[in-house]
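Structure at a glance
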Amino acid sequence: MTPFYKMHGLGNDFVVFDGRENEVLLDEPAARAIADRRRGIGCDQVIVIERPNGDGEAFMRIYNADGDEVEACGNAARCVARLLMDEKRDAFVNLDTRGGLLECRETEDGLVTIDMGKPGLGWSDIPLAGEMDTAVIPLQIGSQEFVATAVSMGNPHCVIFTENADRVPLGKLGPQIEVHGFFPARTNVEFVQALTPELLRMRVWERGAGITQACGTGACAALVAAHRRGLSPRAAEVVLDGGALHIAWRPDDDHVLMTGPTRLAFIGDVDLSSLEYRG
């Protein structure tokens, strides 16, 4: 049996394995089987904590629900940072990911702040299929025309501003935009409504996971995009389906800080060999 933590950040939920002492080797079918909400444990992402291979105190490996390994997940980073800080009895930890090194700290009120680093704003950073202005991208989806802003937060994001985020047919538009030809690595999709300059309402379609309650990197991308489009200052509260995150884009070094809660739902054990692996 292999122990795991079931955790979530604002409803964006994870199955977290600690593979530092006893290696946990997963491939795409295994991650997909674990994430299956009917035949597996069920989650948006599967996380494996591994021994550090760089400057961090641990390496975080991330699999989306479709089994693809991805670069970044802000809500998962907060959850893993919470586990490591509790283990160390320290308010600081450095966490390494495919998207880069993340500096994590506990706030005075028990939340977790992640320094997500600098956003990627060039077309090749996202990446996009060709050179274009990433702040204003004309996007045709069927008969509908949108203006998108592309941002990389270690993973690709397509941010679209709308008058009413709650009325957007996200389940229809999200999967079409995710695989649009502009995005060769596919993309996360955020529809964002500026309620006030310092309060953004966001709904998200996550690449490889679908509609989720929250997306930390997506909230960061939304704030960066809103500031680039003149809709927000460099800090705002982003309200997602599962709750709110505070995002700040520091002017001195261009790093984006994300602050929010984490929750441990339960601890369990799973026989990985008994999972139903499906194509």
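Above this text sits the structure in question.
Residues numbered from 1 in each chain as written. Predicted model: local features only at pLDDT ≥ 70, side-chain atom pairs only at ≥ 80, totals over all residues. Heavy atoms only, no water.

Assigned secondary structure in the chain consists of four helices and 18 strands. Over its C-alpha trace the chain gives a radius of gyration of 18 Å, about what one expects of a compact globule, namely 19 Å for 279 residues. In terms of overall dimensions, the chain has C-alpha extents of about 50 × 45 × 30 Å along its principal axes. When each of the 279 residues of the chain is scored for burial, the buried share is 53%. Across the chain, every contact between residues at least 6 apart in sequence was considered, and the portion connecting residues at least 24 apart equals 61%. Carbon and sulfur atoms form 46% of the exposed surface of the chain, whose accessible area is close to 12000 Å². Here the chain carries 27 positive and 42 negative side-chain charges, and the mean point of each set is 4 Å from the other. (Helix = DSSP H or I, 4+ residues; strand = E, 2+ residues; numbered from the N terminus. Rg over C-alpha atoms; globule rule 2.2 N^0.38 Å. Buried < 20%, exposed > 50% of the residue type's maximum accessible area, 1.4 Å probe, protein only. Contact = heavy atoms within 4.5 Å. Areas by Shrake-Rupley, 256 points an atom, 1.4 Å probe, with all protein chains shown as cover. Lys, Arg positive; Asp, Glu negative; His and termini not counted. Charge placed at Lys NZ, Arg CZ, Asp CG, Glu CD.)

With that settled, the discussion passes to the nonpolar core. In this structure, Ile 114 and Ile 247 are the most contacted members of the largest nonpolar core, which totals 52 residues. Once residues within four sequence positions are removed from consideration, Ile 114 is found in contact with Ala 77, Arg 78, Ala 81, Leu 102, Glu 103, Cys 104, Val 256, Leu 257 and Met 258. (Core = buried A, V, L, I, M, F, W, Y, C linked by side-chain atoms within 4.5 Å.)

Before going further, it helps to examine the packing of aromatic side chains. One pass over the full model with this rule turns up three aromatic pairs. Three or more aromatic residues joined by ring pairs make a cluster, and in this case those are Phe 4, Phe 17 and Phe 266. Its end group placed over the ring of Trp 249, Arg 234 keeps NZ or CZ at 4.3 Å from the ring centre. (Phe/Tyr/Trp six-rings, centres within 6.5 Å; stacked < 30°, edge-to-face > 60°. Lys NZ or Arg CZ within 6 Å of the ring centre and 35° of its normal.)

So, on to helix H4 (residues 216–228). Compared with an ideal rise of 1.5 Å per residue, which puts 13 residues at 18 Å, H4 spans 19 Å between its outermost C-alpha atoms and is within 8% of the ideal. Within the sequence span of H4, burial applies to Gly 216, Thr 217, Gly 218, Ala 219, Cys 220, Ala 221, Ala 222, Leu 223, Val 224, Ala 225 and Ala 226. (Expected span 1.5 Å × (residues − 1).)

Let us look at helix H2 (residues 74–88). The end-to-end C-alpha separation of H2 is 21 Å, in line with the 21 Å expected for 15 residues at 1.5 Å each. Within H2, 12 of the 15 residues are buried, which leaves the element mostly enclosed by the surrounding structure. Count one or two residues on from H2 and you reach Arg 89, which has phi positive near 55°.

So, on to empty space enclosed by the protein. Enumeration over the complete set of coordinates arrives at one cavity of 30 Å³ or more. The volume enclosed by the largest cavity comes to roughly 90 Å³. Taken together, 15 residues form the lining of the largest cavity, with Ala 72, Cys 73, Asn 155, Asn 188 and Glu 206 sitting closest to its centre. Of all elements in the fold, only H2 and H4 reach the threshold of two or more residues within the lining of the largest cavity. For the lining of the largest cavity, the per-class residue count stands at four nonpolar, nine polar and two charged. (1 Å grid on protein atoms, 1.4 Å probe; cavity = no way out; pocket = protein on both sides within 12 Å on 5 of 7 lines; lining within 4 Å. Points joined across faces, edges and corners; volume = space filled by probe spheres on them. Nonpolar A, V, L, I, M, F, W, Y, C, P; charged D, E, K, R; others polar.)

Topologically, Gln 45 is positioned in strand E3 (residues 45–50). Every residue in contact with Gln 45, bar those within four places of it in the chain, is listed here: Asn 12, Asp 13, Phe 14, Val 15, Ile 62, Tyr 63, Asn 64, Cys 73, Glu 206 and Ala 209.

None of this, on its own, says anything about what the molecule does.
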